[in-house]
Amino acid sequence: MDNYFDLLDFLQDCVERDVMKFHTARTRKTAIKQVFHGSSFENESVLTLDIDTLMSDFIKRSHQEIKTDTIKTYKSRITRSIEDYIRVVKLGENLTAKEVLPKSSLIKNLKTIGVTCPIREGSIDIEVSNIPIDLTEQELEKLITLIRLSLS
């Protein structure tokens, strides 16, 4: 389903596999729980939701004034968690022990992703951007055909 519970499980798994520091995962999980819990977004896919709408909902639901810095921090932690989730769970990147997951440009309103793919080890990396999160097999085949035609 890729909802916020899956994000929490992913972060816990990263700690257990020793690929994310406990403190990093804890602060991200706290932000995720604060923003998602009790919201109408609890069961929504984190891959397609609009982070700004989520944050606006969080502000409206809050019973106290939330500092702008707190909102920015929570938004950043949630965004990074979703980016890492996409990279590892959806795209299958392998992480090594205590690897700090680098910032990426995977999310653009969580509707598209961008990936860097090493083609020839140590010499060529290809960057692909604006890939729809919900890319169909037919669309993927279209892209593969386009690449093949471009190389002919």
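This section reports on the structure supplied with the text.

Along the chain, the regular secondary structure elements total 5 helices and 2 strands. If you list the helices and strands of the chain from N to C, you get α-α-α-α-β-β-α. Across the 152 residues in the chain, those meeting the buried criterion constitute 36%. Long-range contacts, defined as pairs at least 24 residues apart, comprise 51% of the intrachain contacts of the chain with a sequence gap of at least 6.

The subject of this paragraph is the nonpolar core. Core analysis: the biggest nonpolar cluster contains 32 residues, and Ile32, Phe36, Met55 and Ile78 have the highest contact counts within it. Sorting the residues of this core by element identifies helix H1 (4–16), helix H2 (22–36), helix H3 (51–61) and helix H4 (68–90) as the ones contributing at least two each. Not counting residues up to four positions away in its chain, the partners in contact with Met55 are Val35, Ile71, Tyr74, Lys75 and Ile78.

Now for the pattern of salt bridges. Inspection of every chain in the model, using the stated rule, returns 7 salt bridges. Where Lys90 meets Asp2, a salt bridge forms, and the shortest distance between an N and an O atom there is 3.0 Å. A residue pair is termed long-range when its members are at least 10 positions apart, and Lys90 in helix H4 and Asp2 in the segment before H1 qualify at 88 residues. You can call Asp2 buried: its relative accessible area is 12%. With its nearest N and O atoms 2.5 Å apart, the salt bridge here joins Lys75 to Asp52. Of the two residues, Lys75 sits in helix H4 while Asp52 sits in helix H3, which places them 23 residues apart along the sequence. Taken together, the salt bridges that share partners define one network made up of Arg28, Asp84 and Arg87.

Relative orientation of the contacting elements H2 and H4 amounts to 110 degrees, with a least axis distance of 9 Å. With respect to their mutual orientation, H2 and H4 come out roughly perpendicular. Contacts between H2 and H4 involve Thr27, Arg28, Ala31, Ile32, Gln34, Val35 and Phe36 from the former and Tyr74, Arg77, Ile78, Arg80, Ser81 and Asp84 from the latter.

The next thing to look at is the packing of aromatic side chains. A full pass over the atoms with the stated rule returns 4 aromatic pairs. An angle of 35 degrees between the planes, with centres 4.2 Å apart, marks the rings of Tyr4 and Phe5 as tilted. Under the relative-accessibility criterion, Tyr4 is labelled buried at 3%. Residue Phe5 is classed as partly exposed on the basis of its relative accessible area, which comes to 37%. Judged by centre distance (5.6 Å) and plane angle (85 degrees), the rings of Phe10 and Tyr85 are edge-to-face.

A word on H2. Here H2 spans 21 Å end to end across 15 residues, near enough to the 21 Å set by a 1.5 Å rise per residue. Among all positions of H2, only Ala25, Thr27, Arg28, Lys29, Ala31, Ile32, Val35 and Phe36 are buried. Taken from the residues just after H2, Gly38 is the one with a positive phi, measuring 80 degrees.

Calculation criteria
Residues numbered from 1 in each chain as written. Predicted model: local features only at pLDDT ≥ 70, side-chain atom pairs only at ≥ 80, totals over all residues. Heavy atoms only, no water. Helix = DSSP H or I, 4+ residues; strand = E, 2+ residues; numbered from the N terminus. Buried < 20%, exposed > 50% of the residue type's maximum accessible area, 1.4 Å probe, protein only. Contact = heavy atoms within 4.5 Å. Core = buried A, V, L, I, M, F, W, Y, C linked by side-chain atoms within 4.5 Å. Salt bridge = Lys/Arg side-chain N within 4 Å of Asp/Glu carboxyl O. Axes fitted to C-alpha atoms, helices over the stretch in contact; angles between N-to-C directions. Parallel < 35°, antiparallel > 145°, perpendicular 65-115°, else oblique. Phe/Tyr/Trp six-rings, centres within 6.5 Å; stacked < 30°, edge-to-face > 60°. Expected span 1.5 Å × (residues − 1).

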